[in-house]
Amino acid sequence: MNNIFAVAGVVIKELYRRKDFYVLFIVTILICVMMASVNIYNDAHIVRYLKEICLLLIWICSLVVAVTTTARQIPAERENRTLLPLLAKPLTRVQLIVGKFLGCWLACGLTLVCFYIFFGALSASREHQWPLMNYFQAAMLHWFMLGIVVAMALLGSLVFAAPSSNSTICFVIIGGILFAARHLDQVALTLREPLRTVVYSLYFAIPHLELFDLRDLVIHNWPLIEWKYFGLALLYALFYMGVFLVAACQVFRRKAVN
Amino acid sequence: MSSSRTFWLLALALLVVCFGTAAHLEPQFQAWQGSRSSGDIFNVVLGDSRRMFANSFYVKADEYYHSGYYPTMFDDNAAFQTTHMAADTGAVNSKNTGDEHGFLGPTRNWIDAFGRHFFPNRHTHLDEGGPDDDLGGSDNVREILPWLKLSADLDPDNVQTYTVTAFWLRQRMHNVAEADAVLHEGLRNCPGSCDILFELGRLYYESYHDTDRARNVWEAAAKQWEKKYPELNQDQQKDSRLIMEQITTHLAKLEEDHDNLPKAIEWLEKAKEVSGTPEVLQQDIDRVKYKLMQEVNPLLKPLY
Amino acid sequence: MTAILRTEKLRVEYRSREMRQATKVALQGLDLEVHAGEVFGFLGPNGAGKTTTMNVLLGFVPPTSGAAYLFGIDVRQPIARQRIGYLPELTYYYKFLTAEELLRFYAKIFGLSRSEADRRIPELLKLVELEHAAKRPIKSYSKGMQQRAGLAQALINNPDLLVLDEPTSGLDPLGRMKVREIIQRLKNEGKTVFFSSHELGEVESVCDRVAIIHQGELKAVGRVADVTGNHASLEKAFLQIIGYQMQPVS
């Protein structure tokens, strides 16, 4: 396990030593502060539009961090030839993949902590309330969703040659899932066979990332989700993370590293 | 040295030529129909697609009115054809059909059933308590205002945005000054709009209690309607009768409240001409006529 | 003498990109042994199969047939690499890390305790003369400094076998001298060093035994003196063994 945590540690160090996260964070703060300064009929208590903008930016930034950080891990190791001295150590390829995944996932978690603290402060400044459990549920599900995204991007980095193509494909898939996955079964019913079966199978096979999007519940102050459903959603995420990680390990085992 | 001087002289000459040409062409560019430089930022950035964005933000306000419980393009939106926040103002005829509480329909599979726990799944209105059923928080309807403001900025020609915004500002937020400002802005962008004039009249009458101004504005609205009505097509005429009915009935009530009963009857007769329920208005006419007769002959028995 | 490093009929084939060849043979039945405590030079022209041999020994490339063992353990087992240190030919390390952080990272991979790492890291930095630059990010290092950092990471676990792929490549004479001194010092400590190089002069001065490989085949192996034979130098012997015909100078 030490091996895995050592690899994860390097990934986290890389995140906070690169400028990406800070740029995204500052841009988010600037946009939100600008939006907050807009005068809307002299009413200083309007807050939901601000929450929506802030959460949208958080989601975009976190997805960018997750995909770009993960997409460059293995290719950068290969390109910079740091992979060889690493694998020359008593470190298996599986441990390397798991370490990279853990590092990227924890890095996303740290990113989310910073963003959600800012979000909490921003909304509390107008709402004067701290629905901490709601924020906890939203942040936790968001983090686990990013875990699926990280695992998927890691698998992609082993399949696709360039980090840029991997990132693009990941963004397209994630965007498609978030916007349309919930309705794929309805779309399937409007199609003819065999396309109907294909789309219907896709509906059940893909990870439904939209399940983890609690933005509307947080923005409009809906009550907490029941904890049993919350737990089931986390398990669902862990299942897909496992699937993608196992696939990534299998692909990496067969790849030449030199 | 000499080549350096030549370079700088040439650069200076080029700069002078550029600025001169720009200055010469500027007036022609300003006069050009396709120029976007004279528009506001939305016009410049979005062009004609701003109306599309304006409409989506208007619907967004309705989505906020329902605290996020809203049909997507894949769901059955028959119960949301007319935005509820506008329908509740009484400004529009609702075209909604179907079940607004269950547009999602029965659960289709386990993913759908599971997923419904993770997004708003109950029909609520912000001014009726919202998801918490907290009637004390009914002024949360303020949350729809940013989207209405954005929609109005993007499409200044949409009358309904101004009337709906003014209604909620005045009725729920008790922010009469801002409602007044919104309606005046609407009149600047949509001069002579009956809907805006009607709403302005309501503001003067119900909030400022300024009868004369209210009367003037409502009568101006009625005149505008009579001027524009013949120019409309059949469907538009059918839709526009509602506003005329509202104007004339409010004028009638105003006159009745100020004991100007003949004038009240006159307005009620006009209302009856455009109303979809003339029999109801006939009852009002009879009532007011009786009231008038009672003034003349106090010994008359009550009508009902 | 026990063989720390052993290959048995090692064969590696690659799929060829050339039209006429289906596969390319990088190693043809290589039988090699390196004994404990010796400095072993692995020589050959470019493309001979030296790096391929090292890749197999380090588990990067699976052999097509045959076997390779480190300390008697099959090289495909990660545990085989617990007691080795490796310096690749082209060394690039995580540019955002400092030398100290890099060594700490590799120490953790080897399972060294924190106290052991705290003791070992300053020693190594002093050995490779990087103690003054330990806190600077590696991206600010010169080529020679990066090579020395690479040597330090190869020694972090106090390995019994050091595998070096052209350790003096790209270094100036001073840098090459320092590397030779380190190899000599390791030899005096009883470590085994297996390295490939094109610098036959330093191979001659440092190595106990050498092997010469050409086109995937082992051409000669033995003590330096034995391989040199009657030739004036190891270089001349090398050229003769690989079949190079010197052109007469007109």
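All of the points below concern the structure found in this document. All of these numbers come straight from a predicted model, not from anything done at the bench.

1. Comments concerning the overall build of chain A
Step number 1: What chain A contains, in helices and strands, is 12 helices and 0 strands.
Step number 2: In chain A, the order of α-helices and β-strands from amino to carboxyl end is α-α-α-α-α-α-α-α-α-α-α-α.
Step number 3: Relative to a compact globule of 258 residues, whose C-alpha radius of gyration would be 18 Å, chain A shows 20 Å and is just as compact.
Step number 4: Viewed in the frame of its principal axes, chain A has a C-alpha envelope of about 65 × 50 × 35 Å.
Step number 5: Counting across all 258 residues of chain A, residues that qualify as buried make up 45%.
Step number 6: Across chain A, the fraction of contacts at a sequence separation of at least 24, relative to all contacts at a separation of at least 6, is 83%.

2. Some thoughts on the interface of chain A and chain C
Step number 1: Opposite the 21 residues of chain A that make contact, chain C presents 24 residues.
Step number 2: Looking at the side of chain A that touches chain C, the elements that each hand over two or more residues are α1 (2–17) and α5 (83–87) of chain A.
Step number 3: Considering every element that reaches the side of chain A that touches chain C, the biggest residue donor is α1(A), with 7 residues.
Step number 4: Of the residues assigned to the side of chain A that touches chain C, the class counts are 10 nonpolar, 6 polar and 5 charged.

3. A few points about the sheet that holds strand β5 (residues 73–74) of chain C
All names here are of chain C.
Step number 1: Pairing is antiparallel across the open sheet formed by 4 strands, whose spatial order is β2-β1-β4-β5. Pairing within the sheet leaves two strands with one partner each, and these edge strands are β2 (23–35) and β5.
Step number 2: Here 9 bridges tie strand β1 (residues 3–15) to β2, and the two strands are oriented antiparallel to one another. In the strand pairing of β2, Leu 10 is matched with Leu 30.

4. Notes on the sheet that holds strand β6 (residues 84–87) of chain C
Residue and element names in this part refer to chain C.
Step number 1: Read from one edge to the other, the open sheet built from 6 strands follows the order β6-β7-β8-β3-β9-β10, with strand pairing classed as mixed. In this open sheet, the two strands that pair with only one neighbour each are β6 and β10 (217–223). The sheet shows a mean angle of 15° between the axes of neighbouring strands, direction not considered.
Step number 2: Here 4 bridges tie strand β3 (residues 39–43) to strand β8 (residues 192–196), and the two strands are oriented parallel to one another. The partner of Phe 40 across the bridge, within β8, is Phe 194.
Step number 3: Together, β6 and β7 (161–165) form the strand contacts of helix α4 (residues 143–154), whose direction differs from that of β6 by roughly 165°.

5. Some remarks on the arrangement of the chains
Step number 1: Where 2 pairs of chains are in contact, the pair with the most contacts is made of chains A and B.
Step number 2: The two units chain B and chain C never meet; even their closest C-alpha atoms stay 39 Å apart.

6. Some points on the packing of helix α12 (residues 261–274) of chain B against helix α13 (residues 278–296) of chain B
Residues and elements named next belong to chain B.
Step number 1: Running from N to C, α12 and α13 point in directions that differ by 170°, and their axes come no closer than 9 Å. By the angle class used here, α12 and α13 are roughly antiparallel. Once α12 is placed against α13, the crossing between them reads as left-handed. In contact with Leu 261, Pro 262, Ala 264, Ile 265, Leu 268, Glu 269, Ala 271 and Lys 272 of α12, α13 contributes Pro 278, Leu 281, Gln 282, Asp 284, Ile 285, Val 288, Lys 289, Lys 291 and Leu 292.

7. Some words on the nonpolar core
Step number 1: In this structure, Val149(A), Val150(A), Ile144(B) and Ala152(C) are the most contacted members of the largest nonpolar core, which totals 207 residues.
Step number 2: Considering each element in turn, this core owes the most residues, 16 residues, to helix α7 (residues 132–159) of chain A.

8. Side note on the pairing of β7(C)
All names here are of chain C.
Step number 1: A large share of β7 lies buried, amounting to 5 of its 5 residues.
Step number 2: The alternating pattern of β7 places Leu 161, Val 163 and Asp 165 on one face and Leu 162 and Leu 164 on the opposite face, and all of these are buried.
Step number 3: Here β6 runs beside β7; their pairing, made up of 4 bridges, is parallel. From the neighbouring strand, Leu 87 faces β7, where its bridge partner is Leu 164.
Step number 4: As paired strands, β7 and β8 are joined by 5 bridges and run parallel to one another.

9. So, the packing of helix α3 (residues 48–71) of chain A against helix α8 (residues 163–180) of chain A
All names here are of chain A.
Step number 1: Where α3 meets α8, the closest approach of the two axes is 9 Å, and the angle between their N-to-C directions is 145°. In this structure, α3 crosses over α8, and the sense of that crossing is right-handed. Between α3, through Leu 63, Val 67, Thr 68 and Ala 71, and α8, the contact on the second element is made entirely by Pro 163, Asn 166, Ser 167, Cys 170, Phe 171 and Ile 174.
Step number 2: Classifying every residue of the contact of α3 with α8 by side-chain character gives 7 nonpolar, 3 polar and no charged.

10. Looking at unusual backbone geometry
Step number 1: The omega torsion across Glu193(A) and Pro194(A) is 0°, close enough to zero to call that bond cis.
Step number 2: Relative to the helices and strands, Pro194(A) is located in the loop between α9 (184–189) and α10 (195–205).
Step number 3: Phi is positive for Glu129(C), which is not a glycine, with a value near 60°.
Step number 4: Structurally, Glu129(C) is set in the loop between α3 (114–127) and α4.
Step number 5: Among the residues examined, Glu129(C) registers 13 C-beta atoms within 10 Å and is labelled partly exposed.
Step number 6: For Gln215(C), which is not glycine, the phi dihedral falls at a positive 50°.
Step number 7: Turning to its location among the elements, Gln215(C) is positioned in the loop between β9 (209–214) and β10.

Calculation notes
Position numbers for residues start from 1 in each chain and track the written sequence from start to end. Chains carry letters from A onward and ligands carry numbers from 1 onward, assigned in written order. A pLDDT threshold of at least 70 governs which residues receive local features in this predicted model, and a stricter bar of 80 or more applies before side-chain atom pairs are shown or counted, although totals over entire chains, interfaces and linings include all residues. Each helix corresponds to a stretch of at least 4 residues labelled H or I by DSSP, and each strand to a stretch of at least 2 residues labelled E; elements are numbered beginning at the N terminus. With the radius of gyration taken over C-alpha atoms, the globule rule is written as 2.2 Å times the number of residues to the power 0.38. Three exposure classes are used, based on other C-beta atoms lying within 10 Å of a residue's own C-beta, which is placed from the backbone: buried for 20 or more, exposed for 12 or fewer, and partly exposed in between. Working definition of a contact: two residues with C-beta atoms, positioned from the backbone, lying within 7 Å. All residues other than Ala, Val, Leu, Ile, Met, Phe, Trp, Tyr, Cys, Pro, Asp, Glu, Lys and Arg, Gly among them, are scored as polar; the first ten of these are nonpolar and the last four charged. Two strands qualify as a pair provided DSSP detects at least 2 bridges between them. Between N-to-C directions, angles cover 0 to 180 degrees, with each direction set by a line fitted to C-alpha atoms, over the stretch in contact for helices. Note on terminology: angles under 35 degrees are roughly parallel, angles over 145 are roughly antiparallel, angles of 65 to 115 are roughly perpendicular, and the others are oblique. A clockwise turn of the near helix away from the far one marks a right-handed crossing, whereas an anticlockwise turn of less than a right angle marks a left-handed crossing. Definition of nonpolar core: a set of buried Ala, Val, Leu, Ile, Met, Phe, Trp, Tyr and Cys residues joined via C-beta atoms within 7 Å.

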